[in-house]
Amino acid sequence: MSDGVLGLAPQTLGDAGPAVGYAYKLKALLAARYTAQAAAISMTDEGRPGEWVPMGVTRLPGVLTSDQPDVLLLLEGVNDLNSGGGNAAIPEVKAGLTAMVREARRRGLSVFLATLLPQQPPGQRAQAAASIQPANVEIRAIAALEGAALVDLYAAFDGQTAALIGPDGLHPNERGYQKMAEVFFDAIRGRLEQKTSSLESGTSIPDFRLHLPTASGQRRAR
C-alpha cells in the first residue's frame, strides 16, 4: 500500500513493480533466503502516487478482498503532510493508519507498518521536513498498540539522507529503495521467519521458512 517507485505503481496481481523499486528488490531478497517457498512468494505493489491516508482507508478493504494477501506492508502519510497540512495533518494520518492496521488485523493478516522517510531540503518536494519526526512518534505508537511490526525506515535513513534520497528531496534514489527493501526484509525475518533443520549428507543444515498467518496456498505481500 505504498508506491514502490515514483509514478510506476502496477495494477496487475502479483506484479512487484519495476526493478528500481523497493517492492521488487524486497521480493528478490525473500526469494533468495526462503528458497523452498520462492515459487509461492508473490508480491503486489498496490500503491498509488499522491495518495493521502483517507484515500487509502477507503481503498484498502477492496484491495484486501481482491488480492487475498497474507501480509500487508503499509507506508502512507507523507502526502498528507506535504499537502500543506504539516503538523495539523498528523491526527488524521494517525486515525487513518490505525483504521488500516485494524482492518488488516481483523482479516488475520500480519501488518508491517513503516515510519516516514526523512526529507532532504532544499529539494522541491521536501515540503514537510519538520513534520516527519512528530508523525513518526505517532506511527511507532500505532505499531505498539495495534500489534503491527514496526519497520523503522526513518532510523535506517537518518544520517544518510543525502546519499539515499533523490534530488526532489522526497523520494529515494535507487540506493534508497535498496535500503528500504533491506529494512522491510529484516522486519519480516524478525516477525515471520521460522528456522528448522534438514539433513544433507548426514549433516544438519538450517532451513529457513516464512511462517505466515493464514493457510492459503499462495503467499502474497502488498
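Conventions we followed
- Residues numbered from 1 in each chain as written.
- Predicted model: local features only at pLDDT ≥ 70, side-chain atom pairs only at ≥ 80, totals over all residues.
- Heavy atoms only, no water.
- Helix = DSSP H or I, 4+ residues; strand = E, 2+ residues; numbered from the N terminus.
- Buried < 20%, exposed > 50% of the residue type's maximum accessible area, 1.4 Å probe, protein only.
- Contact = heavy atoms within 4.5 Å.

Novice: Describe the overall build of the protein chain, and please don't skip the residues or the numbers.
Specialist: Each helix and strand in the protein chain was counted, giving eight helices and seven strands. Looking at the protein chain residue by residue over its 222 residues, the buried ones come to 49%. Put simply, of all contacts in the protein chain between residues at least 6 apart along the chain, 70% involve residues at least 24 apart.

Novice: If you had to explain unusual backbone geometry to someone new, which residues and values would you point to?
Specialist: The peptide bond linking Pro121 to Pro122 adopts the cis configuration, its omega dihedral lying at 10 degrees. Relative to the helices and strands, Pro122 is located in the loop between strand E3 (110–114) and helix H5 (132–146). The backbone of Gln68 sits at a positive phi, close to 50 degrees, despite the residue not being glycine. Residue position: Gln68 is located in the loop between helix H2 (53–67) and strand E2 (71–74). Its relative accessible area of 46% is what places Gln68 among the partly exposed residues.

Novice: Provide a residue-level description of the environment of Ala99, including the pertinent values.
Specialist: Following the sequence through the fold, Ala99 ends up in helix H4 (residues 90–106). In this structure Ala99 comes out as partly exposed when scored by relative accessible area, which is 34%. Once the C-alpha coordinates of Ala99 and Leu60 are considered, the two residues, 39 residues apart in sequence, prove to be 9.9 Å apart.

Just distances and angles here, no functional claims.
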